[in-house]
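So the chains spell out like this:
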Amino acid sequence: MTEQDRVTVSDPHGPVNNGEGHQYVFYGAATDWMTRKGVESLRIALEDRVRLADRFVPPRGYRIAADHLEKPGSVVLLEGPPGSGRRAAAIMLLHGFGDDRNTDEERVRVEELPATAKDENRNDKPLTPGEGDRFLLDLSGITDEEEYTRAQRRLAVHRSKVQEAGAHMVVVLPSVMEYAHAPDFEPHRVKLERPRGVAVVTRHLRMDRMAFHPADLRSAGLQHLCDRSPMRELARLARLVKAARDSGRFGSDFAGWLDQAMHAVTDRAGEVGQQMVAVRTAPERALLLAAAVFEGSRADTVYEAWQRLLKEVGHKEEVTSEFAQTDFGERLKALGIERAPDGRLRFERLAYADAVRTYFWANFPGVRNGLRDWIGSAAELDGLTTDDQVDVVVRFGERSLAVRRPDDLFGLVVRWANDAARASSDPRAATALELGLRHEEFGGWFRRRMYECVTRSGSLSDGLARVLTTACHQSLGATHPDQAVVRLHHLAVRRRGQRTGPGKRFSTSPAVTVGSTDC
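Residues numbered from 1 in each chain as written. Predicted model: local features only at pLDDT ≥ 70, side-chain atom pairs only at ≥ 80, totals over all residues. Heavy atoms only, no water.

Some thoughts on the overall build of the protein
Then, in step 1: Within the protein one finds 20 helices and nine strands.
Then, in step 2: Sequence-distant contacts, at least 24 apart, represent 78% of the contacts inside the protein between residues at least 6 apart. (Helix = DSSP H or I, 4+ residues; strand = E, 2+ residues; numbered from the N terminus. Contact = heavy atoms within 4.5 Å.)

Digging into the packing of helix H18 (residues 443-455) against helix H19 (residues 462-479)
Then, in step 1: For the pair H18 and H19, interaxial distance at closest approach is 11 Å and the crossing angle is 135°. In terms of orientation, H18 lies oblique with respect to H19. Here the hand of the crossing between H18 and H19 comes out left-handed. Two secondary-structure elements touch here, H18 through Arg447, Met450, Cys453 and Val454 and H19 through Leu464, Leu468, Ala471, Cys472 and Leu476. (Axes fitted to C-alpha atoms, helices over the stretch in contact; angles between N-to-C directions. Parallel < 35°, antiparallel > 145°, perpendicular 65-115°, else oblique. Left-handed = near helix turned anticlockwise from the far one by under 90°.)

With respect to the sheet that holds strand E4 (residues 168-172)
The pairing of strands in a sheet comes from backbone hydrogen bonds and takes either a parallel or an antiparallel form.
Then, in step 1: Taken in spatial order, the five strands make up an open sheet running E2-E3-E4-E1-E5, and their pairing is parallel. Of all strands in the sheet, those with a lone pairing partner are strand E2 (110-112) and strand E5 (189-191), marking the two edges. The sheet shows a mean angle of 20° between the axes of neighbouring strands, direction not considered.
Then, in step 2: Summarising the sheet, E2 and strand E3 (residues 134-138) pair through three bridges and their orientation is parallel. (Pairing = 2+ DSSP bridges.)

Some remarks on helix H16 (residues 406-418)
Then, in step 1: Compared with the 18 Å implied by 1.5 Å per residue over 13 residues, the 18 Å span of H16 between its first and last C-alpha is a close match.
Then, in step 2: A large share of H16 lies buried, amounting to ten of its 13 residues.
Then, in step 3: For H16, every residue scored as buried is listed here: Pro406, Asp408, Leu409, Phe410, Gly411, Leu412, Val413, Val414, Trp416 and Ala417.
Then, in step 4: In this fold, the buried residues of H16 make contact with helix H14 (368-378), helix H15 (386-402), helix H17 (427-437), H18 and H19. (Expected span 1.5 Å × (residues − 1). Buried < 20%, exposed > 50% of the residue type's maximum accessible area, 1.4 Å probe, protein only.)

A word on unusual backbone geometry
Then, in step 1: The backbone phi angle of Arg209 is positive, close to 60°, even though this residue is not glycine.
Then, in step 2: Mapped onto the fold, Arg209 is located in the loop between helix H5 (197-207) and helix H6 (220-228).
Then, in step 3: A positive phi angle, near 60°, is found at Ala351, a position not held by glycine.
Then, in step 4: Within the element layout of this structure, Ala351 appears in the loop between strand E7 (345-347) and helix H13 (352-363).

Notes on the nonpolar core
Then, in step 1: Counting residues in each nonpolar core, the largest one holds 71 residues, and the members touching the most others are Phe294, Phe347, Trp374, Leu433, Phe446, Leu464 and Leu468.
Then, in step 2: The leading source of residues in this core is helix H10 (residues 282-293), at eight residues.
Then, in step 3: One finds Leu237, Met262, Ala264 and Leu350 within the second-largest nonpolar core, a separate group that totals 27 residues. (Core = buried A, V, L, I, M, F, W, Y, C linked by side-chain atoms within 4.5 Å.)

As for the pairing of strand E1 (residues 74-79)
Then, in step 1: A large share of E1 lies buried, amounting to six of its six residues.
Then, in step 2: Here E1 shows a buried face lined by Ser74, Val76 and Leu78 and a second buried face lined by Val75, Leu77 and Glu79.
Then, in step 3: In this structure, E1 lies alongside E4, joined through five bridges in parallel fashion. Looking at E4, one finds that Leu77 is bridged to Val171.

A short note on the pattern of salt bridges
Then, in step 1: Per the counting criterion, the structure on display carries 27 salt bridges.
Then, in step 2: Note that Glu186 is salt-bridged to Arg189, the shortest N-O span being 2.5 Å.
Then, in step 3: In this structure Glu186 comes out as partly exposed when scored by relative accessible area, which is 44%.
Then, in step 4: According to the relative accessible area criterion, Arg189 is partly exposed, its value standing at 22%.
Then, in step 5: Salt bridges linked by common partners bring Glu233, Arg236, Asp354 and Arg357 together as one network. (Salt bridge = Lys/Arg side-chain N within 4 Å of Asp/Glu carboxyl O.)

What to know about the packing of aromatic side chains
Then, in step 1: Throughout the structure, instances matching the rule amount to 14 aromatic pairs.
Then, in step 2: A centroid spacing of 5.0 Å and a plane angle of 20° characterise the contact between Phe212 and Phe254, whose relative ring orientation is stacked. Here the residue Phe212 occupies a position in the loop between H5 and H6, and Phe254 occupies one in helix H8 (residues 254-266), the gap between them amounting to 42 residues. Neither Phe212 nor Phe254 differs from the other in exposure class; each is buried.
Then, in step 3: Chaining the aromatic ring pairs together yields one cluster made of Tyr303, Trp306 and Phe328. (Phe/Tyr/Trp six-rings, centres within 6.5 Å; stacked < 30°, edge-to-face > 60°.)

Comments concerning the side chain of Asp138
Then, in step 1: When you line up the elements, Asp138 lands in strand E3.
Then, in step 2: In this structure the side chain of Asp138 is engaged in a polar contact, spanning 2.8 Å, whose partner is the side chain of Arg87.
Then, in step 3: Looking at Asp138, its side chain comes within polar contact range of the side chain of Ser140, at 2.6 Å.
Then, in step 4: Non-local contacts of Asp138, meaning those with residues more than four positions away in its chain, are made with Arg87, Glu112, Ala115, Val172 and Glu440. (Polar contact = N/O pair within 3.5 Å; in protein donor to acceptor, adjacent residues only side chain to side chain.)

What about the confidence of the model for the protein?
Then, in step 1: On average, residues of the protein carry a pLDDT of 83, and 81% of them reach 70 or more.
Then, in step 2: Residue range residues 1-44 is modelled with pLDDT below 50. Its contacts to residues more than four positions away, or to other chains, number 124 contacts.
Then, in step 3: Taken as a whole, residues 500-516 scores under 50 in pLDDT and shows 43 contacts with residues more than four places along the chain or in a different chain. (pLDDT = per-residue confidence, 0-100.)

Observations concerning the environment of Pro59
Then, in step 1: Examined against the element boundaries, Pro59 turns out to sit in the loop between helix H1 (41-55) and helix H2 (62-69).
Then, in step 2: Considered as a pair, Pro59 and Ala89 are 30 residues apart in the sequence and their alpha carbons are 7.5 Å apart.
Then, in step 3: The residues contacting Pro59, other than those within four sequence positions of it, are Ser84, Ala89, Leu192, Glu193 and Pro195.

Looking at the pairing of E4
Then, in step 1: In terms of burial, E4 is a largely internal element, five of the five residues being buried.
Then, in step 2: Along E4, one buried face is formed by His168, Val170 and Val172 and the opposite face, lined by Met169 and Val171, is buried too.
Then, in step 3: Across five bridges, the pairing between E3 and E4 is parallel. Residue pairing across strands places Arg134 opposite His168, the latter belonging to E4.
Then, in step 4: In this fold, the crossover linking E3 to E4 by way of helix H4 (residues 145-165) has right-handed handedness. (Right-handed = clockwise from strand over helix to strand, strands pointing away.)

Shown next, in the form of structure tokens:
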């Protein structure tokens, strides 16, 4: 690749949570960034970084790290306890200096580097930093000593290149590997301590334009949460307060909204467990799960999804007239599900649907294949809007990745993309792939699967090629630009190859049978 071909990316990250854990990024029809023409992905990423900056509360030690990073060629290694906001701090350190308003020729990269060797592909371009470029290397997910030793060897190479080029790099160290830190890196390490939890909650609430007094945040229960919860949970608590307010279903005062939000983050798992003791039949449990996955959809659509789920898990209903059975509305009421005036279903309790989904994926491992196949077909129901489909995909994807089944999500990407109409990009496939690429733990796994798809021999459907191209431009190009270029190059070579006609698969070798989880 020549210097003229070099891709310059100055804003690498989508929304980032203020702490440890996974962050998911998805867009429905309201923003519709997957289908809009001429949208500059870097501008979107800058907006997301600014949003994080608005809500970010610096942990203790942040200023020391910022001072170390100012010098050209500097490398800062962040260490701290899980939940202290290490990754968010790293991104804000890279965001906090330099001028993002330079001309295109002067703009510098802010790029995340692969954490492990398996996240790299042999054809991906090696690190070649330029003056002022900024890099993030997040090693916080490494738990194996040998893997960490290899990562530190690569870090030494990166550091040398960064120093020579006058670039900047921030590294997030794993919290469980303090005994294995290389002595050479000691001068570059900065210890972070968690910020005051109440300050994090306050900042988020203020940015969401919540009206409250400082005294409203002084309850013993909230103080307990603020002192012990990871930053991601405190950010979620603030979002739930806003959700309670915006729903209009939980009173009109801040105290009531906060109470609902605190119950949602502390009590929901136990409440679902208690309900499952009482709900013993397959139809009841299937309806509970269908309503949780399709919450916000119209009642008739949830009914169809429920019936498909029953078939998928092999339940055989007694052959009786539907008039002789308990009616649908009564079933919903018994499960704590209400029908809004617009006909859409929702649970009576705030954030209860999320707890139900978590319970089923955690406690029914034997039906996860069936749940994957159910989502694959039920996400096609005619009554679903694009927003509804995106919600379903994200909810399924969150649970699949939480139980370490990325293949389930990628298999649906391939299925939906292959079935997409000609010249259109399936929003379900695009959303699922975006979700995987943005996942903190499995992002590298999805990047490798993309690479395998574009380099393997055999056919590649036009629909999947469009989804992969979109992901390279909109997601991978913002976080791993060199890897995006490699994948786009392979896609372009394929397209210049043996094109067999409109709407046909294209390939550089004879067509092969494509399975549901293949490329």
